[in-house]
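Structural characterization, general
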Amino acid sequence: MELSRPGFSVYLTIGFPEPARFSQILGSLSSCVDFYELGLPTARPKYDGPTVRASHRRVVAAGLRGVETLKLLEKTGIDKPFTLMAYMEDYVDSLRGLLEAAASVGAGCVLLPDLAFDYPEMLDKYVEESERAGLRPCFFASSRFPHSWLQRYAALDPLYIYLGLQPATGVELPIAVEKNVKLARMLVGSRYLLTGFAIRRPETAAALIRSGADAVVVGSAILRLIEEKGVDEARSLACSIHQAVHSAKTSHGEG
Amino acid sequence: MVDVPRYWYNIVADLPVPLPPLLDPLEDEDSRIALLVKILPSRLIDEEYTLSRLIPIPERVREAYRKAGRPTPLIRAEGLEKAIGVHGRARIYYKYEGVLPTGSHKLNTAVPQVYYALLDGAEEVATETGAGQWGLAVSMAAAMLGLKATVFMTRSSYEKKKPRRIAMQALGATVHPSPSTVTEAGRRALRERPDHPGSLGLAITEAIEYVLENPRRRYVAGSVLESVVTHQTVIGQELLQQLPEEPDYMIACVGGGSNMAGFTYPALGMRLRGEGFDKTQFIAAESTAAPRLSKGTYRYDGLDTGLVLPLARMYSLGKDYVPPPIHAAGLRYHGAAPSLSLLRKLGLVEAAAYSQEEVFEAARIFARAEAILPAPESTHAIKAAIDVARRAEPGSVIVFNLSGHGLMDIDAYEKISSRIVDGQVPEPANARR
Ligand SMILES: Cc1ncc(COP(=O)(O)O)c(C=O)c1O
């Protein structure tokens, strides 16, 4: 799987807000999305912000969680590339199963946001198992992250390196995110740099692309709109960010 | 010529493994992380979440550092070497942060934080203090920059550390004993335990509650946060210019960890990047009253007792731990800075805990040998340095951070001198060997 540059992605928790509407939402956002990032519902979305946490809570309360929810994707038939997000904590003993299941539904990679922080010693195993399952690895980094690790990621030929710009999803603090993106770009060379966390405006997205990001992903803002105003509003935000991303002039003159 | 550094050093960029993030408890509907924007100066938040290895020191802050007496001296402790009988066998140096006008390293971060609060348009800063060193530094920085300061001082210190409390008040600060009746958290603690001696964790909760009441207030943090730790690296950055030789041991006391981190991180960073200091042992000296790095567990825990702040992964004794009152009140915190905790977990930093009695002895030796009254906190580093010097290989070099002077800790010295007069303190110089 290759991802378009520049790219725009939406994060959705699989099965949110409930299974039937989830399929509908995927369908209606599709025309304004280059790829999806889909979260496997978990009881412990420990590094996520309040909106994403609530989305997991809701799906899990409805009796859905983990790899099982991938069946929903098979039924839905998803017409865009997608990658999965899951917490390593839930799959320490079943990493192979997770990655095989991901490959079988056509995911590009499985992002494990807690891998580097809580299981740094398992990084190589994750890469090996991803390849074994026919996937590429993808990696999470934060806005306070060792440079050597960003370089290590880059050397492993990932599908993408995800830079979490803010301390948690959906939480916006006064952080010089563009400066961090520029620095991350220097450290990862030409690798695909996906940026996310608390992006909710087209201008922010465009500025990130101009600073050197290859793509942006929006999660909490879309989840909130789906919940509070309905899918049409969510679609309209997605479309405006998609457009901003694709018309932003990148630092190397593309786009 | 040693100059005031132009940059602070952010060790997070060089850590061997990623630093676990701050965390909201899962069950929370809201985000404590999101709340930081109402608590901390915004520029401090930016420094907390930066990929940059070096952070430029604003010119106004550099200027204040210079006026305050930076660079601070690095001194060869020949008097101490002789007093403990290692002269000619080991060389001991100390970086003396006590020359700063508030008497400790705390001004290094008080100035930038108060300056950042000013940039946010704040009118008042609030904080907690144990020994009063931090509270005094904030009071002075606030006076320098024209803001009001409110300080929640742990009750046991409020009662014992009168000189520092009065100095804060003279500089215009309002000082409340914590637990206080000013905040809900304080009133609750007093209801549960009317004789509560206070703890830093609780005083933090009170200061934050106070800040959240009014958008023109900002909280300034004395230690623990990475951004605060980073500010203290002026100490270690200067030290790199001053060290005549690469040390075998670098030692500092640990409360929240900023003094230890500030002193050692620039050298530790060189070690992590493979640029030197590979034989150096980095030793954290703490108090047996709060031995988090020696006896705590590495886990997610509250930064403050009231859980207003997010959780941090660190060595901790538990957010509700109330340490017994000691003179080194600045070491009475339940946790240690996340980066320092991680380095300890990885074995790059060692820890040793000392009792009040042991460190008094070290204070007495040092005062007579070097003609400086050390702060009770710093005395832990002196004690560790003495122990290390006595057992080190011939030719060893030991450097420690003398984080503050003890001229305002008369209560502690009153106790030592009365014992000395009573003849209760044994002559330790050679007795131990
Ligand atoms: C003189 C002195 N040294 C050291 C410390 C401990 O510093 P830190 O909390 O940064 O470890 C304190 C804390 O109050 C102090 O007053």
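Residues numbered from 1 in each chain as written. Chains lettered and ligands numbered in written order. Predicted model: local features only at pLDDT ≥ 70, side-chain atom pairs only at ≥ 80, totals over all residues. Heavy atoms only, no water.

Labelled according to an unreviewed UniProt entry, chain B appears under the name Tryptophan synthase beta chain, originating from Pyrodictium abyssi.

Heads up, the condition is: UniProt positions are given in the numbering used here, feature names are shortened, and annotations may be inferred rather than shown by experiment.
The name recorded for chain A in an unreviewed UniProt entry is tryptophan synthase, from Pyrodictium abyssi. According to UniProt, the comment filed for chain A under the heading Catalytic activity (unreviewed entry) is "(1S,2R)-1-C-(indol-3-yl)glycerol 3-phosphate + L-serine = D-glyceraldehyde 3-phosphate + L-tryptophan + H2O". Reading the Function (unreviewed entry) entry of the UniProt record for chain A gives the comment "The alpha subunit is responsible for the aldol cleavage of indoleglycerol phosphate to indole and glyceraldehyde 3-phosphate."

1. Thoughts on the site of the ligand
Residue and element names in this part refer to chain B. Applied cut-off: Whether a residue is near a molecule or strand depends on its heavy atoms: if one lies within 4 Å, it is near. Here a polar contact is recorded for every N or O atom pair within 3.5 Å, except that within protein the pair must consist of a potential hydrogen donor and a potential acceptor, and residues adjacent in sequence are included only if both atoms are side-chain atoms. For every accessible area listed, the method is Shrake-Rupley and the probe measures 1.4 Å; residues are considered covered only by the protein chains on display. Numbering of helices and strands runs from the N terminus; a helix is a DSSP stretch of H or I covering at least four residues, while a strand is a stretch of E covering at least two. Note that Gly is not counted as nonpolar here; it falls among the polar residues with everything else outside the nonpolar set of Ala, Val, Leu, Ile, Met, Phe, Trp, Tyr, Cys and Pro and the charged set of Asp, Glu, Lys and Arg.
Surveying the vicinity of the ligand reveals 18 residues, the closest of which are Gly255, Gly256, Gly257, Ser258 and Ser403. Lys106 is positioned such that a nitrogen or oxygen atom in its side chain is 3.4 Å from an oxygen atom of the ligand. In the model, an oxygen atom of the ligand is placed 2.5 Å from a nitrogen or oxygen of the Ser258 side chain. Compared with its free state, where it exposes 390 Å², the ligand has 97% of that area covered by protein. Broken down by secondary-structure element, the contributors of at least two residues to the shell around the ligand are α12 (258–272) and α16 (376–391). Residues of the shell around the ligand, tallied by class, amount to 4 nonpolar, 12 polar and 2 charged.

2. What about the packing of helix α2 (residues 50–61) of chain A against helix α10 (residues 220–228) of chain A?
The axes of two packed helices give the description: the angle between them and the distance between them. Residues and elements named next belong to chain A. Put simply, the rule is: For helices, the fitted axis covers only the stretch in contact; all axes are lines through C-alpha atoms, and the angles between them, taken along N-to-C directions, range from 0 to 180 degrees. Angle categories: roughly parallel below 35 degrees, roughly antiparallel above 145, roughly perpendicular from 65 to 115, and oblique for all the rest. Handedness of a crossing follows from how the near helix is turned relative to the far one, being left-handed for an anticlockwise turn of less than a right angle and right-handed for a clockwise one. Whether two residues touch is decided by their heavy atoms; if any such pair falls within 4.5 Å, the residues are in contact.
Contact pair α2 / α10: the axes reach a minimum separation of 9 Å and the direction vectors enclose 55°. One way to sum up the angle between α2 and α10 is to call them oblique. The way α2 lies across α10 gives a crossing that is left-handed. Contact residues: α2 offers Thr51, Val52, Ser55 and Arg58, while α10 offers Ser220, Leu223, Arg224 and Glu227. Among the residues making up the contact of α2 with α10, the classes are represented as 2 nonpolar, 3 polar and 3 charged.

3. Thoughts on the nonpolar core
Note the threshold: What makes a nonpolar core is a set of buried Ala, Val, Leu, Ile, Met, Phe, Trp, Tyr and Cys residues whose side-chain atoms join them at distances within 4.5 Å. Residue burial is assigned from relative accessible area. The probe radius is 1.4 Å, only protein chains are included, and a residue is buried under 20% of its type maximum, exposed over 50%, and partly exposed in between.
Leu12, Leu29, Leu38, Leu84, Tyr153, Tyr160 and Ile222 of chain A are the most contacted members of the largest nonpolar core, which totals 208 residues. Core analysis: the next-biggest nonpolar cluster, separate from the first, contains 30 residues, Tyr96, Ile283, Ala385 and Phe400 of chain B among them.

4. Thoughts on the state of the cysteines
Residue and element names in this part refer to chain A. This is how it is decided: Put simply, a disulfide is two cysteine sulfurs that come within 2.5 Å.
Using the criterion set out here, one finds 2 disulfides over all chains in the structure. Here Cys32 connects covalently by a disulfide to Cys239, the sulfurs 1.9 Å from one another. Sign of the S-S torsion, about 90° for the bond between Cys32 and Cys239, identifies this disulfide as right-handed. With Cys32 in the loop between α1 (19–29) and β2 (35–39) and Cys239 in helix α11 (residues 231–247), this pair connects stretches of sequence that are 207 residues apart. Residue Cys32 is classed as buried on the basis of its relative accessible area, which comes to 8%.

5. Some thoughts on the environment of Arg292 of chain B
All names here are of chain B. Here Arg292 lies in helix α13 (residues 292–295). Looking at Arg292, the relative accessible area reads 0%, which means it is buried. Counting along the chain gives 59 residues from Arg292 to Ala351, while the straight-line C-alpha distance between them is 9.2 Å. When sequence neighbours within four positions are dropped, the list of residues in contact with Arg292 reads Val254, Gly255, Glu286, Tyr315, Leu317, Leu331, Tyr333, His334, Gly335 and Ala336.

6. As for the sheet that holds strand β1 (residues 7–13) of chain A
Whether parallel or antiparallel, the strands of a sheet pair through hydrogen bonds between backbone atoms. All names here are of chain A. Going by this rule: A pair of strands is treated as paired once DSSP finds two or more bridges between them.
Ordered by their spatial adjacency, 8 strands build an open sheet running β4-β3-β2-β1-β8-β7-β6-β5, and the pairing between neighbours is parallel. Only two strands of the sheet have a single neighbouring strand rather than two, namely β4 (110–111) and β5 (138–142). Examined bridge by bridge, strand β7 (residues 193–196) and strand β8 (residues 215–218) share 3 bridges and lie parallel to one another. Within β8, the residue paired with Thr195 across the bridge is Val216. In this fold α2 packs onto β1 and β3 (82–85), with an angle of close to 45° to the strand it touches most, β1. Running at roughly 150° to β1, α11 makes contact with β1 and β8 of the sheet.

7. With respect to unusual backbone geometry
A cis geometry characterises the amide bond from Phe16 of chain A onward to Pro17 of chain A, with omega recorded as -10°. As for its position among the elements, Pro17 of chain A is in the loop between β1 and α1. Arg70 of chain B connects to Pro71 of chain B through a cis peptide bond whose omega is -5°. Among the secondary structure elements, Pro71 of chain B is positioned in the loop between α3 (59–68) and β3 (74–76). In this structure, Phe197 of chain A takes a positive phi of about 100° despite not being glycine. Looking at the secondary structure, you find Phe197 of chain A in the loop between β7 and α9 (202–211). Not every positive phi belongs to a glycine, and Phe277 of chain B is a case in point at roughly 55°.

8. Side note on the pairing of β3 of chain A
Residues and elements named next belong to chain A. Worth spelling out the cut-off: A clockwise path from the first strand over the helix to the second, with the strands pointing away from the viewer, defines a right-handed crossover.
Burial along β3 is two-sided: Phe82 and Leu84 and Thr83 and Met85, pointing in opposite directions, are all buried. Across 4 bridges, β2 lies against β3 in parallel orientation. Across the sheet, the residue bridging to Gly39 is Met85, located in β3. What joins β3 to β4 is helix α4 (residues 95–104), and the crossover it makes is right-handed.

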